[in-house]
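A look at the structure
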Amino acid sequence: MDLFLLSTLTVILILNYCLADDDHKSWFTPPMGWLSWEHFQCNTDCSSDANNCISENLFKQMAEAMIVDGYLEAGYNRINIDDCWMEKHRDGNNALNADKNRFPNGIKHLSDFMHQRGLKLGIYEGIGKKTCMGFPGSFGHLEIDAKTFAEWDVDMVKMDGCLQPPYTLDILYKQFGHFLNATGKSILYSCSWPYYQLHYSKIIPDFAEVSQTCNLWRTYHDIKPDWGILLETIDFYGDFQEVFNRYVRPGTWNDPDMLLIGNPKLSVEESKVQMGIWAILAAPLLMSNDLRSIKPEYRKILLNKEVIAVNQDKLGIPGKRVFHNESFDIWLRELSPETRMNLPSFAFAFVNRRQTSKPQKLSVKLSDFKFDKNYIFIDLFSNAVIGEFSPSDLLSVSVPSKGIRLLKASPIY
Ligand SMILES: *[C@@H]1O[C@H](CO)[C@@H](O)[C@H](O)[C@H]1NC(C)=O
Ligand SMILES: *[C@@H]1O[C@H](CO)[C@@H](O)[C@H](O)[C@H]1NC(C)=O
């Protein structure tokens, strides 16, 4: 091998090593990847549905699609297993095991497979006696389960909270977080703790504690590919933004649940609404879809670099809903300054909430929305330059039926 090539490869190797060593930094922007639940649920029937059952094969195929179709390059680097991966009982040492038929090589093999390809593996458990689908839960086994996940080299744990009295969750989630930390491995911790307290009891979750313990946390019901449910979820985060946003910072995120984009039950415009609002909210971008057969128009939404950049903005300040009525929402998110002048950019989103026969026109005076200088506005889904505006100008946009216009505003000097 010639010397130049050899030294170039060495530099690349060292660089890769440094990047890998700095893994924890990837926690500081919202996690991106893929999660099995919404699309594949608890399909354990590999004898008649081998291609879609929860199995080693499914996660390997998604990993290949993530790489080949550009998702990994765009930042989606996690493949996460949800419920229904386990044997129905713990083994003689009280340890969890993956279902021997569906995961014949075990979870460590699957995490090695992911790591060799630059991906990370996530796994699922429940903090009660059983998971939501009735598999062995971690209650009474928190320490051994944390150790098992660390031995398997998993990078993320989604801890659900079914069937456990909500008042016990404060202690249990903190204990499991402690045991995860004690493994010495960097494992991203996703909690459903505030969700079960908010919706299954009258307890107001201690979000300060939650955000110190967990990297991401659910507060609303499971999302489904349905416009009404998507809108309800968005409204929940808008209605309670003053409470929720306070605890979001780099490394700790509100999780409004999976991206449904790619599921044909959600139209292309509806899908853009989810992608755009998840970007504004600084939400985790965990797709649940079939990457092996996704239509190109959906794939394009998921791979939109500009929208992903809004989501991943380093400041980690979630946006706010700044206008809301039955017809429209307007959302605004402050983004990092792009230039040395140190003036922030903004993401500015207009949602048409209703089914309308034609796009609805909306005009806003920019000085009503924090714009006190001249800005240039670009549409992030069409890449079209809207133009330059001064604070006293009216900005008019026309928003598709059940759709969004997501703009980026950059200051002009
Ligand atoms: C465990 O917690 C300590 C204290 O918060 C922290 O400094 C350390 O980085 C954590 N370790 C891991 C592996 O997360
Ligand atoms: C919502 O607000 C917009 C903009 O002010 C207005 O044009 C529209 O009529 C309002 N819709 C309803 C249902 O109040």
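Residues numbered from 1 in each chain as written. Chains lettered and ligands numbered in written order. Predicted model: local features only at pLDDT ≥ 70, side-chain atom pairs only at ≥ 80, totals over all residues. Heavy atoms only, no water.

**Quick look at the overall build of the chain**
This is how the line gets drawn: Only DSSP runs of H or I covering at least 4 residues are called helices, and only runs of E covering at least 2 are called strands; the numbering of each starts at the N terminus. Two things to know: the radius of gyration comes from C-alpha atoms, and the globule rule equals 2.2 Å times the number of residues to the power 0.38. When a residue's accessible area, from a 1.4 Å probe over protein chains only, is under 20% of the maximum for its type it is buried; when over 50% it is exposed; and in between it is partly exposed.
On a plain count of helices and strands, the chain comes out with 14 helices and 16 strands. For the chain, whose C-alpha radius of gyration is 22 Å, the value lies close to the compact-globule estimate of 22 Å for 413 residues. Projected onto its principal axes, the C-alpha positions of the chain cover 70 × 70 × 40 Å. Going through the 413 residues of the chain one by one, you find that 55% of them count as buried.

**Overview of the site of ligand 2**
Rules: Any residue with at least one heavy atom within 4 Å of a molecule or strand is counted as near it. In the analysis that follows, any N or O atom pair within 3.5 Å is treated as a polar contact, provided that within protein one partner can donate a hydrogen and the other can accept it, and provided that, for residues neighboring in sequence, both atoms belong to side chains. Using a 1.4 Å probe, accessible areas were evaluated by the Shrake-Rupley method; residue-level cover was limited to the displayed protein chains.
Every residue near ligand 2 is listed here: Phe323, Asn325, Glu326, Ser327, Phe328 and Leu362. In this structure, Asn325 approaches ligand 2 through a side-chain N or O atom, which is 2.3 Å from an oxygen atom. The contact in question runs from a nitrogen atom of ligand 2 to an N or O atom on the side chain of Ser327, over 2.8 Å. Protein chains shield 44% of the accessible area of ligand 2, which is 370 Å² for the free molecule.

**Description of the site of ligand 1**
Surrounding ligand 1, one finds Asn181, Gly184 and Lys185. Within the contact set of ligand 1, an oxygen atom lies 2.3 Å away from a side-chain nitrogen or oxygen of Asn181.

**Notes on the pairing of strand β13 (residues 375-379)**
What counts, and what does not: When DSSP finds at least two bridges between two strands, those strands are taken to pair.
Residues Tyr375, Phe377 and Asp379 line the buried face of β13, whereas the alternating positions Ile376 and Ile378 sit on a face that is not buried. Pairing of β13 with strand β14 (residues 385-389) involves 4 bridges; the strand directions are antiparallel. Bridge pairing links Ile378 to Val385 in β14. Between the end of β13 and the start of β14, which pair antiparallel, lie 5 residues, with Asn383 showing a positive phi angle near 65°. Examined bridge by bridge, β13 and strand β16 (residues 403-411) share 5 bridges and lie antiparallel to one another. Opposite Phe377, over in β16, you have Ala409 as the bridge partner.

**Quick word on the confidence of the model for the chain**
Heads up, the rule is: Confidence of the prediction at every residue is given by pLDDT, a number between 0 and 100. Whether two residues are in contact is decided by their heavy atoms, any of which lying within 4.5 Å being enough.
Mean pLDDT over the chain: 94, with 93% of residues reaching 70 or higher. Counting interchain partners and residues more than four positions distant, the pLDDT-below-50 stretch residues 1-25 has 3 contacts.

**Regarding the environment of Lys88**
Within the secondary structure, Lys88 sits in the loop between β2 (78-80) and α5 (106-116). In this structure the C-alpha to C-alpha distance between Lys88 and Asp99, which are 11 residues apart in sequence, comes to 7.8 Å.

**Here we look at empty space enclosed by the protein**
The gaps left among the atoms become clear once a water-sized probe is rolled over them. Just so we agree on the cut-off: Lining residues are defined by having an atom within 4 Å of a point belonging to a cavity or pocket. Those points lie on a 1 Å grid over the protein atoms alone, cavities being sets where a 1.4 Å probe fits but cannot get out and pockets being open sets with protein on both sides within 12 Å along at least five of seven lines. Grid points are joined across faces, edges and corners, and a volume is the space filled by probe spheres set on the points. Gly counts as polar in this scheme, as do all residues outside two lists: the nonpolar Ala, Val, Leu, Ile, Met, Phe, Trp, Tyr, Cys and Pro, and the charged Asp, Glu, Lys and Arg.
One pass over the structure, following the stated rule, counts 2 cavities of 30 Å³ or more. In this structure, the largest cavity encloses a volume near 70 Å³. Taken together, Leu35, Asn80, Met156, Lys158, Ser190, Leu216, Arg218, Asp255, Asp257, Met258 and Leu286 form the lining of the largest cavity. Sorting the residues of the lining of the largest cavity by element identifies β4 (156-160) and β6 (216-218) as the ones contributing at least two each. Looking at the lining of the largest cavity residue by residue, the class counts come to 5 nonpolar, 2 polar and 4 charged. Empty space within the second largest cavity amounts to approximately 50 Å³. Lining the second largest cavity are Tyr237, Phe244, Asn245, Val248, Asn254, Leu281 and Pro318. A class-by-class count of the residues in the lining of the second largest cavity yields 5 nonpolar, 2 polar and no charged.

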